[in-house]
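# Topology and contacts: notes
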Amino acid sequence: MSPTITEVDVYDIRFPTSEQLDGSDAMNPDPDYSAAYVVLRTDAPGGLAGYGLCFTIGRGNDVVAAAIGTLRPYVVGRTVDSVTGDLGAFYRLLTHDSQLRWLGPEKGVMHMAAGAVVNAAWDLAAREAGKPVWALLASMSPDQLVDLVDFRYLSDALTRDEALDILRRAEPGRAARAERLRKEGYPAYTTEPGWLGYSDEKLTRLAKEAVAAGFAQIKLKVGADLQDDLRRMRLARAAVGPDIRIAVDANQRWDVAEALEWMAALAPHDPYWIEEPTSPDDVLAHAAVRAGQPVRVATGEHVANRVVFKQLLQAGAVDFVQIDAARVAGVNENLAILLLAAKFGVPVCPHAGGVGLCELVQHLAMFDYVAVSGSLEGRVIEYVPHLHEHFTDPAVVENGRYQAPSAPGFSARMVPGTLADYRYPDGPVWQAREKRQELTR
Ligand SMILES: [Mg+2]
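Residues numbered from 1 in each chain as written. Predicted model: local features only at pLDDT ≥ 70, side-chain atom pairs only at ≥ 80, totals over all residues. Heavy atoms only, no water.

For the rest of this paragraph, the subject is the sheet that holds strand β2 (residues 34–42). Within a beta sheet, neighbouring strands are joined by backbone hydrogen bonds and run either parallel or antiparallel to one another. Pairing is antiparallel in the open sheet, where 3 strands are placed in the order β1-β2-β3. Single-partner strands in this sheet number two, and they are β1 (5–14) and β3 (49–56). Adjacent strand axes in the sheet meet at a mean angle of 15 degrees, parallel and antiparallel pairs treated alike. Where β2 and β3 come together, 8 bridges link them in antiparallel fashion. Note on β3: the bridge partner recorded for Val38 is Gly52. Strands β1, β2 and β3 of the sheet are contacted by helix α1 (residues 61–69), whose axis makes an angle of about 175 degrees with β1. In this fold helix α4 (residues 108–129) packs onto β1, β2 and β3, with an angle of close to 150 degrees to the strand it touches most, β3. (Pairing = 2+ DSSP bridges. Helix = DSSP H or I, 4+ residues; strand = E, 2+ residues; numbered from the N terminus. Axes fitted to C-alpha atoms, helices over the stretch in contact; angles between N-to-C directions. Contact = heavy atoms within 4.5 Å.)

A separate point is the pairing of strand β7 (residues 271–275). The buried count for β7 comes to 5 of 5 residues, which makes it a mostly enclosed element. Taken together, strand β6 (residues 245–249), helix α11 (residues 256–266) and β7 form a β-α-β motif whose crossover is right-handed. Here β7 pairs with strand β8 (residues 296–299) via 3 bridges, running parallel. Across the sheet, the residue bridging to Trp273 is Arg296, located in β8. A crossover connection joins β7 to the parallel β8 through helix α12 (residues 283–292); in handedness this β-α-β unit is right-handed. (Buried < 20%, exposed > 50% of the residue type's maximum accessible area, 1.4 Å probe, protein only. Right-handed = clockwise from strand over helix to strand, strands pointing away.)

Under the local residue numbering, the UniProt record ascribes the feature "domain: Mandelate racemase/muconate lactonizing enzyme C-terminal" (unreviewed entry) to residues 200–296. The span residues 200–296 is 51% helical and 16% strand by assignment, and the distance between its end C-alpha atoms comes to 26 Å. (UniProt positions renumbered as here; feature names shortened; annotations may be inferred.)

Bound to the magnesium ion are the protein donor atoms Asp249 (OD), Glu275 (OE) and Glu301 (OE), situated 2.0 to 2.2 Å from the metal. Here the donor residues for the magnesium ion map to a single chain with the spacing D-x25-E-x25-E. Of this pair, Asp249 sits in strand β6 while Glu275 sits in strand β7, placing them 26 residues apart in sequence. (Donors = N, O, S within 2.8 Å, 3.2 Å for Na, K, Ca; no water.)

To continue, consider the pattern of salt bridges. Using the criterion set out here, one finds 28 salt bridges in the structure. Its salt-bridge partner being Lys219, residue Glu382 comes within 3.0 Å of it at the nearest N-O pair. Of this pair, Glu382 sits in strand β10 (residues 381–383) while Lys219 sits in strand β5 (residues 217–221), placing them 163 residues apart in sequence. According to the relative accessible area criterion, Glu382 is buried, its value standing at 2%. Since its relative accessible area comes to 0%, Lys219 is described here as buried. The partner of Asp229 in a salt bridge is Arg232, and the shortest N-O contact between them spans 3.7 Å. Placement of both Asp229 and Arg232 in helix α10 (residues 226–240) is noted, with a separation of 3 residues, approximately one turn of the helix. On the basis of relative accessibility, which here comes to 2%, the residue Asp229 falls in the buried class. When salt bridges that share partners are traced, they join Lys219, Lys221, Asp249, Glu275 and Glu382 into one network. (Salt bridge = Lys/Arg side-chain N within 4 Å of Asp/Glu carboxyl O.)

This is the structure we're talking about:
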């Protein structure tokens, strides 16, 4: 008999990263990287459970945690088989509650909460199957995969039959690509040198270290001050030489005219892409930025759902699609976005960093390579070397490449000590911080 899901545990976990300015950019000067962390507990002997999370940058993490709690009635008391046996139905159930849907639809806090629970169910399914999520997905037939997707609002750009064709075309090469992935890994780039709050000295040192560590691409945060950005771009270019790609990321800072002016000034230093030049909702502004200056446009980490990705692709507004594992409603919706990107021939270069985002999204990019796009051409996954020690199966990057995970699951499980130490606001790390602040008041 199948075990039952007995509880959905939700934790508000926060790390005081603002103390070091790690993660600082033009819109987010002092983030405390956080996770609303979900555990689907079961009554299976041996403690089978599913783990998932939403990434936030501090305040509001409790709001996401509360939103996850509203989904309990869809999960608690169900058999594991009834969830993992039809993950397409489970995803549609969570995203189409007739009352909760009013809070979106399919965007924002409620949608991210659904994503955390959907991803936890995928983690559970993969642990049960004894496979990493990328390999579990890559073992499914094209028919099984399209059943996971909600094609509502997509069919003017991608039909179920077209999706099937894409997956069937990639089927013959799956085994060879999985083999290559296990041997060679998947290309990564690093954002480590480029946080806006770092000094020139630290930027130069970290840029050189990134090249020495085997990365062929780094990324700089831009958008607060043009003269500073020109200086930092020159320093980075001098540090890495002409052959290493330098992407830049404005984190939504600009209107269109500002983006055009700024990128015209940076263009002589050969930026590889401009990421999030403007509002993530503004498809037409992205198209205008792409048309109005010479640097390629990337976006996606704040794109709310598959419908906005569809429009970005239909409008020819992006050169790179940056999926995020925890922004949309989990694996299922990201599968729709991977298929859309494949249909339009646009490479997927996932957003990562944060808390657990590298751990999760590597599975989606690797599955894309094995069973969807079938290509590594122009593709690279973001990597940031923070906070991996809090996971039981941390992402491993060697010589500038993500190594294919082999442990069963979605690499989403946190170590138990972290849940005790960093729980907000009552964990010892936050209690000690509160005391220090009282003393300086
Ligand atoms: Mg970014």
